[in-house]
Amino acid sequence: MAEESKLSKASQIAQIVGLVPSVVCMWAVLFPNKQPSSVGAATPMSEGMPRILLISLVAAIVCFLIGGILQLVAAFQRRSKLRGATHQESPPARLKIIEARYGVEGGPDVDVYEKYLKPRIHGDALVGWVGVDLFGGYQPVINVYKRLRVRYSFEGRERTIMRGENQMIVIPEDDVLREEIEDCETKHKSAMAYVNKLRERINSLADRSVSESDPLVYPEFVDARWSSGSDKKELQAYFSMENRGAGEAINIVLEPIEMGGKIVQFTRHRIAAALLPKKGTFFYPDVVTKENQSVPESSRDLFHLFCLDYISLGDATIIEATTSLVATYQDKARNLFEVTCELVFDPAAHADVRMGNRGMRPVICTRNHNFRKVAMVPLSQDEGKK
């Protein structure tokens, strides 16, 4: 502040000094034939007067220039101080990500902080959906349910949060934020339900009926405990897929099912060759945990897993337990079909088998097969004109 005051005073002095030669110049212009003498008498202008006039003019200009420059320097210093005051050092960040890993336990588990999460932190907070929203198309492993585990500190308190695929992650966690998230998720579900209704309405406008000329693939449960001759659980109980329609079926997929707290998936669920009419194929189960971890041989028994589901109902008067089974496939024209059925467990028949009696009733069977055409290949322009 003292330097600014000195520069302002120096600028004023330079401008005042510049007034003296300015007065001389004005006198010479107004009275070109006279000049002031030492006694105040007017005498004719001498021959050196034009030189004095030029020197006075240059001196005035120099003084005013110096004063203006000093004013500019003072103004620049004031502006620099104001800018420094507005751009003070920002406070340290309250949120610090210590570690962020995306993948599966015991498998690929990649550090994703620097590349994916760090650019998404705004205002000491990170919000996003685990999956495409945060990582784009990046996947450390495919066809496996993944999770994101983040270890962070907020205001010095260290915490760990873990979210699965398609779940929202909010850092830091807060009760208010949780309520807002639940509200957003509720609205998201409502919006998706509305979209699904619109899709169903659009689908109803097209002819999606299934006829005998289409492929009709029936999933059936096979109890081979007395005929397989193998101790492997997956060879004692599996599914057959028989095409009872008139069309060929390709790309058959048997969807995973949840049973007894485990996931029953089908690793050999895709076949390259077409399934011809009146022909069949087999799908053998592979039992894993919900985290896609392998299970011991004793936990691969589908009959025991289905029995656990029945016991969890907590009502011995229930005569059977059911779950849904879904399979999809395509015809040669690439139209997509879906078949749904009930997978039924008979606890009484299961009890007979455990007592050593092979009863007449099946322990597990399928029923109520329903077929529908999920998606149709768009007609070409030539086909649309027909």
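In every chain, residue numbers begin from 1 and rise along the written sequence. In view of the model being predicted, local features appear only for residues whose pLDDT reaches at least 70, and side-chain atom pairs are presented and counted only at 80 or more, with totals across whole chains, interfaces and linings using the full set of residues. Side-chain numbers come from the whole structure's heavy atoms, not from hydrogens or water.

A. Region of interest: a nonpolar patch on the surface. Patch membership requires over 30% relative accessible area and the absence of a salt bridge. Like charges are linked within 9 Å, and nonpolar side chains (Val, Leu, Ile, Met, Phe, Trp, Tyr) within 5 Å. Here the accessible surface of atoms and residues is derived via Shrake-Rupley with a 1.4 Å probe, and residues count as covered only by protein chains that are part of the display. Salt-bridge detection follows one rule: a side-chain nitrogen of Lys or Arg within 4 Å of a carboxyl oxygen of Asp or Glu. On the surface, Ile61, Leu65, Ile69 and Val73 cluster together into a nonpolar patch covering about 360 Å² of accessible area. Among the structural elements, isoleucine 69 can be located in helix H2 (residues 49–86). To qualify as a helix, a DSSP run of H or I must reach at least 4 residues; to qualify as a strand, a run of E must reach at least 2; elements of each kind are numbered from the N terminus.

B. Representation of the environment of glutamine 236. Topologically, glutamine 236 is positioned in helix H6 (residues 233–236). Separated by 65 residues in sequence, glutamine 236 and aspartate 301 place their C-alpha atoms 8.6 Å apart.

C. Local environment of the pairing of strand E6 (residues 147–154). Only protein chains enter the calculation, and the probe is 1.4 Å; a residue is then buried if its accessible area is under 20% of its type maximum, exposed if over 50%, and partly exposed in between. Counting buried residues along E6, 6 of its 8 residues qualify, which places the element largely inside the surrounding structure. Note on pairing: two strands pair once DSSP finds at least 2 bridges between them. Pairing of strand E3 (residues 95–103) with E6 involves 8 bridges; the strand directions are antiparallel. Across the sheet, residue arginine 101 finds its bridge partner in E6, namely arginine 149. By the bridge criterion, 8 bridges tie E6 to strand E7 (residues 157–164) in an arrangement that is antiparallel. For serine 153, the partnering residue across the bridge sits in E7 and is glutamate 158. A loop of 2 residues connects E6 with E7, the two strands running antiparallel in sequence, and glutamate 155 in this loop sits at a positive phi of about 55 degrees.

D. Expanded view of the side chain of histidine 350. Tracing the backbone through its elements, the reader meets histidine 350 in helix H8 (residues 347–354). Judged by relative accessible area, which is 9%, histidine 350 ranks as buried. Throughout, a contact is declared for two residues whenever any of their heavy atoms are within 4.5 Å. In this structure histidine 350 touches Phe303, Cys307, Phe345 and Val363, once residues within four positions along its chain are discounted.

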